[in-house]
Amino acid sequence: MDKSFLDNSAMDKSSIGKSSIGKSVTVSAAANVALIKYWGKRRGDGNQPATPSLSIGLDDLRTTTQLGLVDGTRDSFDPSTQLVMNEQAQDRIRHYLDQFRATFGQDHYFSVATTNNFPTGSGLASSASGFAALAIGLNTLCELNLDKIEVSKLARRGSGSAARSIYGGYVEIVNDDDAFAAQIDTASAWPLDVVVAVTAETPKSINSTDAMTQTAETSPMYAAWLQSHEADMSAAREAIANKNFQQLAEVSEFNCLKMHATMITSQPGVLYWLPGTLEVMHRVRLLREQGSAAFFSIDAGSQVKVVCMPEATATVKSALADAPGVLRLIETRVGGEPEVTFS
Ligand code: PMV
């Protein structure tokens, strides 16, 4: 699709004022998994990444956020929604909305109701889909008419990886002075499946921002990570352009393991993997040796995303279903265009 979320034509164009109170928009944005990862930030605020990154959108792992304009002087959160049960998450969104008002000269307050259809805060990129949904919702509801690049920057201010969830398919973060994401190919150009092996349903022990800082400050591997990153980006771009699965598998696993090596060697070491994580990694490697087109990637958490050529998906699922430490599998595919509905 490119039925753009930037298209506000379905909205009543009356200026946002008292008459708009009660107006709301619902945005569904998908999580993404970086095959070439962002790990480390540049100095300053706004989540400017230290490395570029390249991801695929996960079509069925979604955050749905209903954003409304309220008549009041405070943002309000629907107490029944998942994210707001966590005080820290609520503070993070409040701060984000304050920054948004200051940057865009807005004086509206918002009601926020948001749910994820997958485990939150556990390494499945809930902050990516969450802040992408919020940024798209703010652009639409406040009729800012920002283009995708600007919406991507707005999402990045909430979470670095959220810049990529503005798009579906194959997406790259361009590490400009003010970093933003761009789509490099659509999902239909190279339809791949993704099997997510859930190894924990609870939030991770250390959030990605703190873990990144600790890595940058203490890991002797961090300089090598930065220095070797561009070569991985080039290899991944080339693999996608040529639909070369083996090349994409090798560079993605290499980059993933390198990122985890930097965190494991920080002080104290950040070890997100659980026994189930390792079990899946070994099983996927064995499957590939036996001829199944599949590779793994793991973000800041214990979950494993297994990217497969569609003909390998059934084999991957049956090989992982009984793996010790795997709680359940979620089957999805590359995709994840955001969707907007007006209410
Ligand atoms: O966007 P954050 O702050 O949750 O950081 C994401 C970091 C990784 O998921 C590990 C890598 C990435 O590029 O998404």
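Structure shown above.
Analysis parameters
Residues numbered from 1 in each chain as written. Predicted model: local features only at pLDDT ≥ 70, side-chain atom pairs only at ≥ 80, totals over all residues. Heavy atoms only, no water. Axes fitted to C-alpha atoms, helices over the stretch in contact; angles between N-to-C directions. Helix = DSSP H or I, 4+ residues; strand = E, 2+ residues; numbered from the N terminus. Left-handed = near helix turned anticlockwise from the far one by under 90°. Contact = heavy atoms within 4.5 Å. Nonpolar A, V, L, I, M, F, W, Y, C, P; charged D, E, K, R; others polar. Buried < 20%, exposed > 50% of the residue type's maximum accessible area, 1.4 Å probe, protein only. Pairing = 2+ DSSP bridges. Expected span 1.5 Å × (residues − 1). Arc of directions from axis to C-beta.

A. A look at the packing of helix α8 (residues 275-289) against helix α9 (residues 313-321). Axis separation between α8 and α9 bottoms out at 10 Å; the angle between their running directions is 145°. The interaxial crossing formed by α8 with α9 has right-handed handedness. Facing Val280, Arg283 and Leu287 of α8, the residues of α9 in contact are Thr315, Val316, Ala319 and Leu320. Its residues placed into classes, the contact of α8 with α9 shows five nonpolar, one polar and one charged.

B. Representation of the pairing of strand β7 (residues 193-198) in the model. A large share of β7 lies buried, amounting to six of its six residues. By the alternation rule, side chains of β7 split into Asp193, Val195 and Ala197 and Val194, Val196 and Val198, which are all buried. In this structure, β7 lies alongside strand β9 (residues 304-308), joined through five bridges in antiparallel fashion. Bridging across to β9, Val194 finds its partner in Val307.

C. Expanded view of α8. Between its first and last C-alpha, α8 extends 22 Å over 15 residues, near the 21 Å set by a 1.5 Å rise per residue. Every buried residue belonging to α8 is among Gly276, Thr277, Val280, Met281, Val284, Leu287 and Arg288, and all of these are buried. Projected down its long axis, α8 shows its buried positions confined to an angular sector of 140°, all on one face. Pointing more than 90 degrees away from the buried face of α8 are the exposed residues Pro275, His282 and Glu289. Considering only its buried residues, α8 is in contact with β7, α7 (245-264), β8 (294-297), β9 and α9. With its phi angle positive at about 105°, Gly291 sits one or two positions after the end of α8.

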